[in-house]
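# Structural characterization, general
Here are the chains, one letter per residue:
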Amino acid sequence: MEFFKIRRDIPFMENALVFNVISILTFVAAVFFLVTRGLHLSVEFTGGTVMEVSYSQPADVEAVRKAVADLGFSDVQVQNFGTARDVLIRLPAQKGVTSAQQSDRTFAALKSVDPNITLRRVEFVGPQVGEELVVNGLKALAMVVAGIMIYLAVRFEWKFAVAAILANLHDIVIILGFFAFFQWEFSLAVLAAVLAVLGYSVNESVVIFDRIRENFRRYRKMTTVQTIDNAITSTISRTIITHGSTQIMVLSMLLFGGATLHYFALALTIGILFGIYSSVFVAAAIAMWLGVKREDLVKAPVKREGDGNDPNAGATV
């Protein structure tokens, strides 16, 4: 389905160098903020206290969040858990304050607002658990990257695999750079969004790479640059439909999903925007600079013995 069709190919690759210089500068800035400021990790990674409380009627999550914040706790996560009456509270670890003291103070503050509140459970998440989550998250990221590279190398060619992975890592590092610069909370939900962006971004690259391969077979007089420009131009309508629909859904979570989904949706929003950019100006350009050519994707016809006397031998159809 196409909303519109562009009759003339847009010369994307003519400006590839300029856009990739911008990408490199953005990437370097993101790495700088990650090194100097670091990520603001949530309770799942740093350790803290997890409380589950139950109300006799649907809980006012904002009122619960305000009551906990008034105690002086910062970076508190408050969300519904299971039903509208159950609330999960995550309190970050504090020096000189035990988990029992944190939970007692918090429950007392909530009970003063609603005497019918019930404490269901209290758990302490130690730093060791957080360290295991960091290690497992990095392993998951590495496995996803390796799987994507193997898939692209088998389906297309190693140059496309390298180009796609560099473009995807570009997206991931920039997302992390945003979280480091603004010190937004990095939680397990955000990690899930980062992994989702990896798959989402590579999907756009695969669509463009597939059209490039198709163009190599169909238009034999086109140069590599012309082939890439035509592939990107011919998939613009699909890109707008797909990414536009996804972005509308993600923006709805960002604007109306509340504090629980805020950073998850924010990571997806940044990832989708930079995923479109990187698929066109990073992945395709790197593949071009790596020297991808028709012979890499289209096998030359095999000449049989005696075909030399046939004037039509080796002719392409």
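Scroll up to find the structure.
Residues numbered from 1 in each chain as written. Predicted model: local features only at pLDDT ≥ 70, side-chain atom pairs only at ≥ 80, totals over all residues. Heavy atoms only, no water.

### Things to note about the nonpolar core
- Core analysis: the biggest nonpolar cluster contains 56 residues, and Met13, Leu152, Phe209, Ile212 and Ile232 have the highest contact counts within it.
- Contributing elements (two or more residues each) for this core: helix H5 (127–155), helix H6 (158–182), helix H7 (188–218), helix H8 (224–234), helix H9 (236–256) and helix H10 (258–289).
- The dominant element in this core, judged by the number of residues it contributes, is H10, at 16 residues.
- Apart from residues lying up to four places away in sequence, Ile212 is in contact with Phe160, Thr227, Ile228 and Ala231. (Core = buried A, V, L, I, M, F, W, Y, C linked by side-chain atoms within 4.5 Å. Buried < 20%, exposed > 50% of the residue type's maximum accessible area, 1.4 Å probe, protein only. Helix = DSSP H or I, 4+ residues; strand = E, 2+ residues; numbered from the N terminus. Contact = heavy atoms within 4.5 Å.)

### Comments concerning a nonpolar patch on the surface
- A surface patch of nonpolar side chains, about 440 Å² in accessible area, is lined by Ile24, Phe27, Val28, Val31 and Val35.
- Structurally, the position occupied by Phe27 is in helix H1 (residues 16–36).
- For Phe27, a relative accessible area of 31% translates into the label partly exposed. (Patch = residues over 30% accessible without salt bridge, like charges linked within 9 Å, V, L, I, M, F, W, Y side chains within 5 Å. Areas by Shrake-Rupley, 256 points an atom, 1.4 Å probe, with all protein chains shown as cover. Salt bridge = Lys/Arg side-chain N within 4 Å of Asp/Glu carboxyl O.)

### A few points about the pattern of salt bridges
- If you walk through the whole model with that rule in mind, you get nine salt bridges.
- The partner of Glu123 in a salt bridge is Arg121, and the shortest N-O contact between them spans 2.9 Å.
- For the salt bridge of Arg238 with Glu204, the shortest nitrogen-to-oxygen distance reads 2.4 Å. With a gap of 34 residues between them, Arg238 in helix H9 and Glu204 in helix H7 connect regions that are remote in the sequence.
- Looking at Arg238, the relative accessible area reads 24%, which means it is partly exposed.
- Each of Glu52, Arg121 and Glu123 takes part in one network of salt bridges that share partners.

### What to know about the packing of H7 against H9
- The N-to-C vectors of H7 and H9 enclose an angle of 170°; their axes lie 12 Å apart at closest approach. In terms of their interaxial angle, H7 and H9 are classed as roughly antiparallel. Of the residues in H9, those in contact with Tyr200, Asn203, Glu204 and Val207 of H7 are Arg238, Thr239, Thr242, His243 and Thr246.
- Of the residues assigned to the contact of H7 with H9, the class counts are two nonpolar, five polar and two charged. (Axes fitted to C-alpha atoms, helices over the stretch in contact; angles between N-to-C directions. Parallel < 35°, antiparallel > 145°, perpendicular 65-115°, else oblique. Nonpolar A, V, L, I, M, F, W, Y, C, P; charged D, E, K, R; others polar.)

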